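Residue-level structure breakdown
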Amino acid sequence: MEESGIRIINLAFESSCDDFSCAVLLRDANGIKILSNIIYSQDYIHGIYGGVVPELASRNHIKASLPSLRIALSEAGVTLKDVNLISATAGPGLIGSLLIGFMEAKTLSYALNIPLARVNHIEGHIFSPFMETEESFPFIALVISGGHTHIYLVKSHDSIRLLGRTRDDACGELFDKISNYLGFGYPGGKIIDQLAEKGDKDAFKFPLPMMHSKDLDMSFSGLKTAVVSTIDNLGGPDKITENIACDISASLREAVAEILYKKTAAACSVYGVKAIAVSGGVSANSRIRSIFKHRGKNDNFNIFFPSVSNSTDNAAMIGYAGFFKTPAYPLENMEKFLNIDADPSWEL
Ligand code: KG4
Ligand code: ZN
């Protein structure tokens with residue numbers, strides 16, 4: 001919905017996993033501005049179980065859905081009467097979770113006759129670095145999260161091509177599993193990152209799977225097995241002191257950052273691209289940020305990251321991507337509109 005000179009107030013929803021988020025964005029002659037971005041996190045609930053429990057996620061989304069909407073509108077200083085676009089994540093994700101945010105968006109769209117933009121969650125991440133800085137096409141997008149470790153060539157909002165992906169675990173999943181194994185809980189990425197700050201990255205030499213494969217695919221399950229074996233060889237999780245946990249975390253974080261940087265840089269050289277946009281929850285990682293920034297500078301790449309708070313799931317990134325979609329108009333073709341739905345396995 002690109003209408004220059006027009007003031008668009010975009011109400012956005014994201015509920016694909018265990019965060020319920022509602023945001024309000026403004027697009028006018030000055031560009032796009034985030035007016036509010038409310039995130040209701042359920043980490044404290046799923047932490048008890050060491051991972052996301054889908055049934056609990058959707059039940060808690062129901063509780064969060066209306067208060068989040070109310071707070072997002074009031075923080076933005078607007079009412080539903082001001083809204084002229086609604087954006088919502090339609091997939092991929094957990095179906096029970098997706099449905100809460102998507103159906104709230106669809107219901108508001110239908111009841112208030114506001115166009116509805118159906119947004120892919122990964123597309124939200126891909127463009128999230130550009131919510132705060134000007135877009136730079138073409139770019140290589142590295143999306144690293146709990147479910148994704150994917151490399152794309154992005155030429156425009158309508159031209160996104162998958163170049164490579166993990167063949168097994170996502171890198172966020174690897175951090176989460178190792179943190180759980182060590183007994184530090186979920187979500188583990190942030191915990192491993194904090195422990196790593198106090199550790200020695202050269203203490204352990206972990207393998208870098210598929211580093212020399214000719215394609216742009218990656219693999220993290222072998223790395224996970226290597227870390228688990230190291231812990232077991234040291235006597236098991238109970239025998240790991242905090243200092244050793246810090247060293248393991250630092251060495252693991254280094255290996256992941258190395259794989260991600262090398263594969264992304266390879267994508268740039270194959271496709272002759274100079275800009276890299278890193279996004280997804282794992283892009284909050286401090287070492288990944290510094291490796292991409294420093295090595296990227298040496299290799300003459302322009303590196304883009306979202307702010308740390310916009311790295312993990314949030315509705316502002318969904319709203320941002322929603323501005324570039326052709327929305328569905330509820331009253332224009334009602335039958336078609338009523339049939340649009342969430343799709344838990346929607347691939348870009
Ligand atoms: O994008 P996201 O919020 O949700 C998904 O779409 O999956 O990403 C969540 C993932 C989790 O695996 C979490 O452990 C990881 O992002 N994560 C981090 C950090 N903060 C969150 N991983 C590494 N370092 C961090 N600082
Ligand atoms: Zn995500």
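Our subject is the structure listed above.
Criteria and thresholds
- The numbering scheme is per chain: residues are counted from 1 as the chain's sequence reads.
- As they are written, the chains are lettered A onward and the ligands numbered 1 onward, keeping that order.
- Reporting in this predicted model follows two pLDDT cut-offs: at least 70 for local features of residues, and 80 or more for side-chain atom pairs to be given and counted; totals over whole chains, interfaces and linings ignore these cut-offs and use all residues.
- The basis for the side-chain values is all heavy atoms of the structure; hydrogens and waters are excluded.
- Whether a residue is near a molecule or strand depends on its heavy atoms: it is near if one of them lies within 4 Å of it.
- Throughout this description, a polar contact denotes any pair of N or O atoms lying within 3.5 Å of each other; where both atoms belong to protein, one of them has to be capable of donating a hydrogen while the other can accept it, and for residues adjacent in sequence the pair is counted only when both atoms sit in side chains.
- Per-residue and other accessible areas were derived by the Shrake-Rupley procedure at a 1.4 Å probe size, with only the shown protein chains allowed to occlude residues.
- A run of H or I in DSSP counts as a helix once it spans at least four residues, and a run of E counts as a strand once it spans at least two, with each numbered from the N terminus.
- Segmentation of the chain into domains, including their bounds, is taken from an automatic or database domain assignment.
- The span expected for a helix works out to 1.5 Å for each residue beyond the first.
- Only protein chains enter the area calculation, which uses a 1.4 Å probe; residues under 20% of their type maximum are buried, those over 50% are exposed, and those in between are partly exposed.
- Note that the arc is defined by the directions from the helix axis to the C-beta atoms.

1. Concerning the site of ligand 1
The immediate surroundings of ligand 1 are formed by 20 residues, with Gly146, Asp176, Gly189, Gly281 and Asp313 found nearest. Side-chain polar atom of Asp193 to a nitrogen atom of ligand 1: 3.1 Å apart, as the coordinates give it. Bound to the protein, ligand 1 loses 88% of the 560 Å² it would expose on its own. Taken together, the elements giving at least two residues each to the shell around ligand 1 come down to helix 4 (121–127), helix 5 (171–182) and helix 6 (188–197). Broken down by element, the residue count for the shell around ligand 1 peaks at 4 residues, all from helix 6. Split by domain, the shell around ligand 1 shows at least three residues from each of two domains, domain 1 (8–128 + 312–338) and domain 2 (134–305).

2. What to know about helix 9 (residues 286–298)
Its 13 residues give helix 9 an end-to-end C-alpha distance of 18 Å, which sits within 8% of 18 Å, the value for a rise of 1.5 Å per residue. Here helix 9 has its buried residues at Ile288, Arg289, Ile291, Phe292 and Gly296. Viewed along the axis of helix 9, the buried residues span an arc of 170 degrees, placing them on a single side of the element. The outward face of helix 9, more than 90 degrees from its buried face, is lined by the exposed residues His294, Lys297 and Asn298. The backbone nitrogen of Arg287 has a side-chain oxygen 3.1 Å away, supplied by the residue at the start of helix 9, namely Asn285. Trailing helix 9 by a residue or two, Asn300 shows a phi angle of about 65 degrees, which is positive.

3. So, helix 8 (residues 242–271)
Here helix 8 is 30 residues long and its end C-alpha atoms lie 43 Å apart, about the 44 Å a rise of 1.5 Å per residue gives. Of all the 30 residues making up helix 8, 21 are buried; the element is thus mostly covered by neighbouring parts of the structure. Backbone geometry just downstream of helix 8 places Gly272 in the positive-phi region, at approximately 60 degrees.

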